[in-house]
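Fold and contact review
Chain by chain, the residues:
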Amino acid sequence: MHEPALHRSARPTLAVKALSKRFSMGEQTVEALRDVNLTIGKGEFVCLIGASGCGKSTLLRIIAGFETASAGSVEMYGLPIAAPGPERGMVFQDFALFPWLTVKENIAFGPRQRGLPQSKLDEVSARYTDMVGLTKFANYYPSQLSGGMKQRVAIARVLANDCEVLLMDEPFGALDALTREKLQQELLEIWERTKVTVIFVTHSVEEAVVLSDRVVVMTAGPGRIEHDARIHLPRPREVSAIDFNQVRRDITQRLTSHVGVKAIPAAA
């Protein structure tokens, strides 16, 4: 993305327009997404939430450039996304680190591929290793790290590649509750420092309300946007607060309103 700053600032960071996605499965065609429209501004933290199979991860992968849409488009600063790019970094639930590289080498991988000199690589690696609190573990390998530490490395590696949009596909889903809560707060601190735009996929309504400026609720069969809720609660957010739980209840109701309730047969 090499567009003048003036033009970039006048446009949304991301614009999803009439997006649809169909997959072929044998002789059948499965429609994963239908007519999805979404605009995200620079520096926003947006959570996508919905039941399994609603197309959240598919939408994220199309924004990343890993998959192509069947119809419609995704634009970044008005330019169509046709392939992966360093300005859009993806963080997965399974970390996706290089096991043969140390923490600092994993973080420096993207800048190294771009041909930065060693002195600059050391500077970038040190900066982001410190940002995620892993300076003491800079020479450790992924196998020597806990799950939470691995996810910090994954986040730092994406940020070190000068990404403007951080795409996160249930990054904390495999972590225990205490580690998850700690990383949520650390992610918010990183977001506030870097002002990176975040799109975060989650199944947890509580996590979405804790983290985001907006919660986008998706429905299944095929995936569509049901509701786009702006969260006006001040940060940091207390999950036991009355106003927090009111927002959580409202989003939960919208999330479940389209799900049919099946009768449970009586026992014989």
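Residues numbered from 1 in each chain as written. Predicted model: local features only at pLDDT ≥ 70, side-chain atom pairs only at ≥ 80, totals over all residues. Heavy atoms only, no water.

The next subject is the overall build of the chain. If you tally the helices and strands in the chain, you get 9 helices and 10 strands. In terms of C-alpha radius of gyration, the chain reaches 20 Å, essentially the compact-globule figure of 18 Å for 268 residues. Counting all 268 residues of the chain, 47% fall into the buried class. Nonlocal contacts in the chain, meaning residues at least 24 apart in sequence, comprise 70% of its contacts between residues at least 6 apart. Total accessible area on the chain is roughly 13,600 Å²; 53% of this is exposed by carbon and sulfur atoms. Of note, the chain has its 32 positive side-chain charges centred 2 Å away from the centre of its 30 negative side-chain charges. (Helix = DSSP H or I, 4+ residues; strand = E, 2+ residues; numbered from the N terminus. Rg over C-alpha atoms; globule rule 2.2 N^0.38 Å. Buried < 20%, exposed > 50% of the residue type's maximum accessible area, 1.4 Å probe, protein only. Contact = heavy atoms within 4.5 Å. Areas by Shrake-Rupley, 256 points an atom, 1.4 Å probe, with all protein chains shown as cover. Lys, Arg positive; Asp, Glu negative; His and termini not counted. Charge placed at Lys NZ, Arg CZ, Asp CG, Glu CD.)

With that settled, the discussion passes to the pattern of salt bridges. Under the criterion given, the structure shown has 15 salt bridges. Ionic pairing is found between Arg235 and Asp213, a salt bridge with its closest N-O pair at 3.1 Å. You can see Arg235 sitting in the loop between strand S10 (224-230) and helix H9 (242-256) and its partner Asp213 sitting in the loop between helix H8 (205-211) and strand S9 (214-219), a full 22 residues away along the chain. By relative accessible area, which is 27% here, Arg235 ends up partly exposed. Ionic contacts of the salt-bridge type, sharing partners, join the residues Glu44, Arg214, Asp228 and Arg230 into one network. (Salt bridge = Lys/Arg side-chain N within 4 Å of Asp/Glu carboxyl O.)

Enumeration according to the criterion identifies 7 aromatic pairs in this entry. Ring centres of Phe45 and Trp191 lie 5.6 Å apart, and the angle between their planes is 80°; this geometry places the pair in the edge-to-face category. With Phe45 in strand S3 (residues 45-49) and Trp191 in helix H7 (residues 177-194), this pair connects stretches of sequence that are 146 residues apart. The exposure classification of Phe45 matches that of Trp191, with both residues buried. Aromatic pair Phe137 and Tyr140: ring centres 5.1 Å apart, planes at 75°, arrangement edge-to-face. For Phe137, a relative accessible area of 27% translates into the label partly exposed. (Phe/Tyr/Trp six-rings, centres within 6.5 Å; stacked < 30°, edge-to-face > 60°.)

Strand order in the open sheet formed by 6 strands is S6-S7-S8-S3-S9-S10, and the pairing between neighbours is mixed. Each having just a single partner strand, strand S6 (88-91) and S10 make up the two edges of the open sheet. Taken pair by pair, the neighbouring strands of this sheet meet at an average axis angle of 20°, ignoring direction. Examined bridge by bridge, S3 and strand S8 (residues 197-202) share 5 bridges and lie parallel to one another. (Pairing = 2+ DSSP bridges. Axes fitted to C-alpha atoms, helices over the stretch in contact; angles between N-to-C directions.)

Geometry only, nothing functional implied.
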